[in-house]
Structures are given as structure tokens and as C-alpha cells.
Amino acid sequence: MVTPNQEAARKRFQDGVYYAKAVLMDPAIREDYTTRAKEAGIASPYQAALQDFLKPLKIASIRTDGYLGVVGQPIFIVAADDFKIQSMTVTLQRADGTVIESGSAVKDSSGWIYLATQANATRAGTKVIVQAKDRPGKEATEEQIL
């Protein structure tokens, strides 16, 4: 008898197989996964695409020590699965839930960086919400309260 967890794992693997076969039909995406396979020691672009689908997207860290509520100050983000993240959005909220600002972080050599665009005089209690989405469509959200 197959348990619900086993059935869910089987379905997820099957979805990953469909994803890998579909995306590898695009020459540009195939080239990305071919490069990824070579760099990571993975046997084929198919296996690289399947692994990308199956591996959860995770935001490893949010560094806010350089953010003091002044325009232009950075928030640094590191994602555990950093292969072809399609978007990384940062939202700053006051303690009462009102949005101070929201925008896209940009990739740099050590991860992702978001530069504040609005002054925030009441930094204490500010919630930093980071949302990431990768090529297979997986999403991850992480929050930090300052």
C-alpha cells in the first residue's frame, strides 16, 4: 500500500520529469542546464533540470546590519538555491503592517542586494519580507523583524 507521502513524492518526481523534458526543448535553457551540469559535475542537462526542479528554493540569510533607515542603504540576501532565480523582491513594512517600500533586489557577486528607496525613521519593528522565485516556479519567503 502506498502512503500519502509516498504518493506526493512520486507526483513531485513525475512533475520534475515533465518540467525537465519541457524546458530542455528551448535551446537557451538547454544551454544553461548544460553549463550547470558541467560546473556541478552532474551527468546531463536533463539531470541538472530535474535536480533544479526537485531542490527546494530557500533564502539562507538576510543581512540588515547596513540598513539604518536611510535611502540607498543596502539589505543583502543569500539564497541557498541560487541557480536561475527569476526574481527577488524585498518589501519593508512598518510594525502596523503599512508598506514603506517594495522593489526588486539585484544579483551581485556575493548574492542579492536591495537598496532602500524610502527614508524610514522608525527602523525598530520594521519587517523585512524577502520573496524569491526560480525558473521552475518554486517560491520562498523569509521575514525578519528589525
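Residues numbered from 1 in each chain as written. Predicted model: local features only at pLDDT ≥ 70, side-chain atom pairs only at ≥ 80, totals over all residues. Heavy atoms only, no water.

### Thoughts on the confidence of the model for the protein
To be explicit about the condition: Residue-level confidence of the predictor is what pLDDT reports, using numbers from 0 through 100. Only DSSP runs of H or I with at least four residues qualify as helices, and only runs of E with at least two residues qualify as strands; both kinds are numbered from the N terminus onward.
Residues at a pLDDT of 70 or more form 99% of the protein, whose mean pLDDT is 93. Taking the mean pLDDT of every element in the protein, the minimum, 91, falls on strand β5 (residues 106-108) and the maximum, 96, on strand β4 (residues 99-104).

### Considerations on the environment of S110
Mapped onto the elements, S110 comes out in the loop between β5 and β6 (111-115). Sequence separation between S110 and D26 is 84 residues; the distance between their C-alpha atoms is 29 Å.

### Describing the sheet that holds strand β8 (residues 139-145)
Inclusion rule: The pairing criterion for strands is at least two bridges between them, as found by DSSP. Here, axes are lines fitted to C-alpha atoms. For helices the fit covers the stretch in contact, and angles between N-to-C directions go from 0 to 180 degrees.
Spatially, 4 strands are ordered β4-β3-β7-β8 in an open sheet, and the strand pairing comes out antiparallel. Bordering the open sheet on either side are β4 and β8, each of which pairs with just one other strand. With strand direction ignored, the average angle separating the axes of adjacent strands in the sheet is 15°. Pairing of strand β3 (residues 85-93) with β4, which is carried by 5 bridges, proceeds in the antiparallel orientation. Residue Q93 lies in a different strand from β4, and its bridge partner there is V99.

### Quick notes on the nonpolar core
Threshold: Here the nonpolar core consists of buried residues drawn from Ala, Val, Leu, Ile, Met, Phe, Trp, Tyr and Cys, with membership extended through side-chain atoms lying within 4.5 Å. Think of it in three bands: with a 1.4 Å probe and only protein chains considered, a residue is buried below 20% of the maximum accessible area for its type, exposed above 50%, and partly exposed in between. Contact between two residues is taken to exist if any of their heavy atoms lie within 4.5 Å; hydrogens are not considered.
Within the largest apolar cluster, 20 residues are counted, with the highest numbers of intra-cluster contacts made by I75, I77, M88, V90 and V130. Every element with two or more residues in this core is listed here: β1 (59-63), β2 (74-79), β3, β6 and β7 (127-134). Looking at this core element by element, the count peaks at 4 residues for β3. Once residues within four sequence positions are removed from consideration, I75 is found in contact with I62, R63, T64, Y67, V90, L92, W112, I113, Y114 and V128. Of all hydrophobic cores here, the second largest spans 14 residues; its members include Y19, I29, F53 and F83.

### Some details on the pattern of salt bridges
What counts here: What makes a salt bridge here is a side-chain nitrogen of Lys or Arg within 4 Å of a carboxyl oxygen of Asp or Glu, nothing more.
Following the criterion strictly, the structure yields 6 salt bridges and no others. With a closest N to O distance of 3.5 Å, E7 and R10 form a salt bridge. Placement of both E7 and R10 in helix α1 (residues 4-23) is noted, with a separation of 3 residues, approximately one turn of the helix. Among the ionic pairs, D65 bridges to R63, the shortest N-O distance being 3.4 Å. Look at D65 and you get exposed, because its relative accessible area is 55%. You can call R63 partly exposed: its relative accessible area is 44%.

### A look at the packing of helix α2 (residues 27-40) against helix α3 (residues 45-54)
Threshold: In these notes the angle categories are as follows: under 35 degrees is roughly parallel, over 145 is roughly antiparallel, 65 to 115 is roughly perpendicular, and the rest is oblique. For this scheme, ten residues count as nonpolar: Ala, Val, Leu, Ile, Met, Phe, Trp, Tyr, Cys and Pro. Four count as charged, namely Asp, Glu, Lys and Arg, and the remainder, Gly too, count as polar.
For the pair α2 and α3, interaxial distance at closest approach is 8 Å and the crossing angle is 95°. In terms of orientation, α2 lies roughly perpendicular with respect to α3. Along the contact surface, α2 presents R30, Y33, T34, R36 and A37, while α3 presents P45, A48, A49 and D52. When grouped by side-chain class, the residues that make up the contact of α2 with α3 number 5 nonpolar, 1 polar and 3 charged.

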